[in-house]
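Understanding the architecture of this molecule
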Amino acid sequence: MADQKLLPGDVHQYDEAAPAPTLAPTPAPTSALALTEPSRRRFSGGRWLRRAVTNSTAILLLLAAWEVLPRLGVVDPVFVPPLSENLVAWYDLLVGGRLPEHLEASLARSLSGFGLAIVLAIPLGLLIGWYKPVADFLTPLLELFRNTSAVALLPVFTLILGIGETTKVTFVLYACAWPILLNTISGVKTVEPLLIKSARSMGLGPVRLFQKVILPAAVPTIFTGVRLAGAYSILVLLFAEMVGAKAGLGYLILDTQSSFRIPDMYAGIITISVLGLLFNLLLVGVERRFSTWRTT
């Protein structure tokens, strides 16, 4: 038997006498990332450029129409001056120091009311959304005031608090509190019930459940209300500054309109638009910072 010649089919992988198969050496693979990184960068840069052009096309068309139509006489240049004249007026206000003065006054009032609304409305909204007895007690009152326009209550604020800074900050606080409060309540109440049941089945108590499940899940909805309130904080302030103020963007717009300084009026409107855009971009960045746990 020892001298018996073995056929190829008699040798198996589990036989100790079977020689290990010899494999040809495999060359080290070249890094796919190193090969594709330049092309990825070019692709990403081109995609970003196309998206930027697409998103800004409508704005560029609007600005071009604002410049061309008054010069062609399609609209009256007395009431709608070309964009370039308004930008020149904006620069003159900036260099002369009037625009920074009014902008500083408006920002102080707007940020004060907006910050107080966040501090007060978010905890109250979490409380109402999480504890049913509190919700049952406060919901009728909330339904009464949520349908009352803040602008309609401005004379009441003025009668009670006067025409000073307290009235303007309180007015902004009232207007900003509602979107934050209502979105916070909605964010807490619309948390996926399966998440709550799963967390409770793992032994989480009420405090840990609220901290680890309810609050993170409600963050996107809360920030939706915060972003809405950020826009309201600037818009409603203009009404307050037009009623009783000696400084602020609202006062600047009303004063220049009454004295028929139309380019200066548009300069104030442009400032408000840019300020609102920057404020919204800032809030979007903060939202992304606090929502990094979400899958994108």
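Overview of the structure. Note that the coordinates shown come from a computational prediction; the quantities given were computed from them, not determined experimentally.

**Things to note about the overall build of the chain**
When its secondary structure is counted, the chain shows 10 helices and 0 strands. From first element to last, N terminus to C terminus, the chain shows the α and β order α-α-α-α-α-α-α-α-α-α. Here the chain holds 296 residues, and 32% of them are scored as buried. The long-range fraction of contacts in the chain, counting pairs at least 24 apart against all pairs at least 6 apart in sequence, stands at 72%. Here the chain has roughly 19,300 Å² of accessible surface; of this, 68% comes from carbon and sulfur atoms.

**Let's talk about the nonpolar core**
By size, the foremost hydrophobic cluster in this structure holds 58 residues, and its most contacted members are F114, I128, F171, I180, L181, V226 and L249. Ranked by the residues each element gives to this core, the list is headed by helix α8 (residues 206–243), at 15 residues. Ignoring any residue separated from it by four or fewer positions in sequence, one finds F171 in contact with A150, V151, L154, F157, V236 and A240.

**A closer look at the packing of aromatic side chains**
This model, assessed by the stated rule, comprises 6 aromatic pairs. Taking 5.7 Å as the distance between ring centres and 65° as the angle between the ring planes, the aromatic pair formed by W66 and Y266 counts as edge-to-face. Taken together, the residues span a long stretch of sequence, with W66 in helix α1 (residues 32–72) and Y266 in helix α10 (residues 262–290) at a distance of 200 residues. By relative accessible area, Y266 is classed as buried at 15%. Look at Y174 and W178: their rings are 6.0 Å apart centre to centre, the planes differ by 80°, and that puts the pair in the edge-to-face class. Of this pair, Y174 and W178 both sit in helix α6 (residues 165–189), 4 residues apart, roughly one helical turn. The buried category is assigned to W178, whose relative accessible area is 15%. The structure contains a cluster of three or more aromatic residues connected by ring pairs, namely F157, F171, Y174 and W178.

Procedures and definitions
- Residues numbered from 1 in each chain as written.
- Predicted model: local features only at pLDDT ≥ 70, side-chain atom pairs only at ≥ 80, totals over all residues.
- Heavy atoms only, no water.
- Helix = DSSP H or I, 4+ residues; strand = E, 2+ residues; numbered from the N terminus.
- Buried < 20%, exposed > 50% of the residue type's maximum accessible area, 1.4 Å probe, protein only.
- Contact = heavy atoms within 4.5 Å.
- Areas by Shrake-Rupley, 256 points an atom, 1.4 Å probe, with all protein chains shown as cover.
- Core = buried A, V, L, I, M, F, W, Y, C linked by side-chain atoms within 4.5 Å.
- Phe/Tyr/Trp six-rings, centres within 6.5 Å; stacked < 30°, edge-to-face > 60°.

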